[in-house]
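Structure at a glance
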Amino acid sequence: MNEERTRDWRMCATSVLISALLTIGLLAAYDNYFAQKIVALDVKGYIAEQRDLYLAGKINDAQLKESFDRLERVKDKVPRNRIIILGDVLVRKNVEEITP
């Protein structure tokens, strides 16, 4: 009878442990791949910075075009479960920021 009770407790503990591990794993996968997250992209600041560099003569036409192409590539690399908002509309800075 005592052995049976010990075996029941072990099965119960094993079931709880497996359930907890599966739950943690599924929540982590959901958070990483499916949950929508907001990221900020400071387009206005980036364009102003590139304009200042161009007007100061530090970059030429080709470099300016390449910098805008880089901005486009950075935007396209953002995973589908990320929502991009402009950096200008941020109220608080607790959002991940993307910089080209």
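Here's a quick rundown of the structure. The numbers attached to residues start from 1 for each chain and follow its sequence in the written order. Confidence filtering applies because this is a predicted model: local features only for residues at pLDDT of at least 70, side-chain atom pairs given and counted only at 80 or more, and all residues used for totals across whole chains, interfaces and linings. With hydrogens and water excluded, all non-hydrogen atoms of the structure serve as input to the side-chain values.

1. Focus: the packing of aromatic side chains
For the record, the criterion: Whether two aromatic rings pair depends on their centres lying within 6.5 Å, for rings of Phe, Tyr and Trp, where Trp uses its six-membered ring; planes under 30 degrees apart make the pair stacked, over 60 edge-to-face, and the rest tilted. Exposure categories follow from relative accessible area, calculated using a 1.4 Å probe and restricted to protein chains: below 20% of the type maximum is buried, above 50% is exposed, and the middle band is partly exposed.
Summed over all chains, the structure comprises one aromatic pair. Pairing Tyr30 with Phe34 gives two aromatic rings, centres 6.4 Å apart and planes at 25°, and the pair type is stacked. For Phe34, a relative accessible area of 59% gives the class exposed.

2. Comments concerning a nonpolar patch on the surface
The condition that has to hold: Exposure above 30% relative accessible area and no salt bridge define the residues that can form patches, which grow by joining like charges within 9 Å and nonpolar side chains of Val, Leu, Ile, Met, Phe, Trp and Tyr within 5 Å. Computed by Shrake-Rupley with a 1.4 Å probe, the accessible areas treat only the displayed protein chains as cover when residues are assessed. For this analysis, a salt bridge means a side-chain nitrogen from Lys or Arg found within 4 Å of a carboxyl oxygen belonging to Asp or Glu. The secondary structure listing takes helices from DSSP runs of H or I that are at least 4 residues long and strands from runs of E that are at least 2 residues long, numbered from the N terminus.
Together, Ile18, Leu22 and Leu26 line one region of the surface with nonpolar side chains, adding up to about 320 Å² of accessible area. Turning to its location among the elements, Leu22 is positioned in helix 1 (residues 2-33). Taking relative accessible area as the criterion, Leu22 reaches 53% and is therefore assigned exposed.

3. Describing helix 3 (residues 61-77)
Using the following cut-off: Here, expected helix span is obtained from the residue count minus one, scaled by 1.5 Å. Between two residues, a contact is recorded if the distance between any of their heavy atoms is within 4.5 Å.
Between the first and last C-alpha of helix 3 there are 25 Å, a value that for 17 residues agrees with the 24 Å anticipated at 1.5 Å per step. In the core, the buried residues of helix 3 are packed alongside strand 1 (37-41), helix 2 (43-55) and strand 3 (96-98).

4. Thoughts on helix 2
What counts here: Under the rule applied, a polar contact is a pair of N or O atoms within 3.5 Å (in protein, one hydrogen donor and one hydrogen acceptor; residues adjacent in sequence only if both atoms are side-chain atoms).
Compared with an ideal rise of 1.5 Å per residue, which puts 13 residues at 18 Å, helix 2 spans 18 Å between its outermost C-alpha atoms and is within 8% of the ideal. The residue sitting at the N-terminus of helix 2 and contributing the capping side-chain oxygen is Asp42; that oxygen lies 3.1 Å from the backbone nitrogen of Gly45.

5. Some details on the pattern of salt bridges
For the structure on display, the rule yields six salt bridges. Here Lys75 ties to Glu72 by a salt bridge, and the two come within 3.4 Å at their closest N and O atoms. Taken together, the positions of Lys75 and Glu72, both in helix 3 and three residues apart, correspond to about one turn of that helix. Of the residues examined, Glu72 reaches a relative accessible area of 41% and is grouped as partly exposed.

6. Quick word on the environment of Pro100
Along the polypeptide, Pro100 turns up in the segment after strand 3. Sequence-wise, Pro100 and Leu41 are 59 residues apart; in three dimensions their C-alpha atoms are separated by 8.5 Å. Beyond its immediate sequence surroundings of up to four residues, Pro100 is in contact with Leu41, Tyr46, Arg70, Leu71 and Val74.

7. Brief notes about the side chain of Ser67
Locating Ser67 in the fold gives a position in helix 3. Among the polar contacts made by the side chain of Ser67, one reaches the side chain of Gln50 at a distance of 3.2 Å. With residues up to four places along the chain from it excluded, the contact list for Ser67 reads Tyr46 and Gln50.

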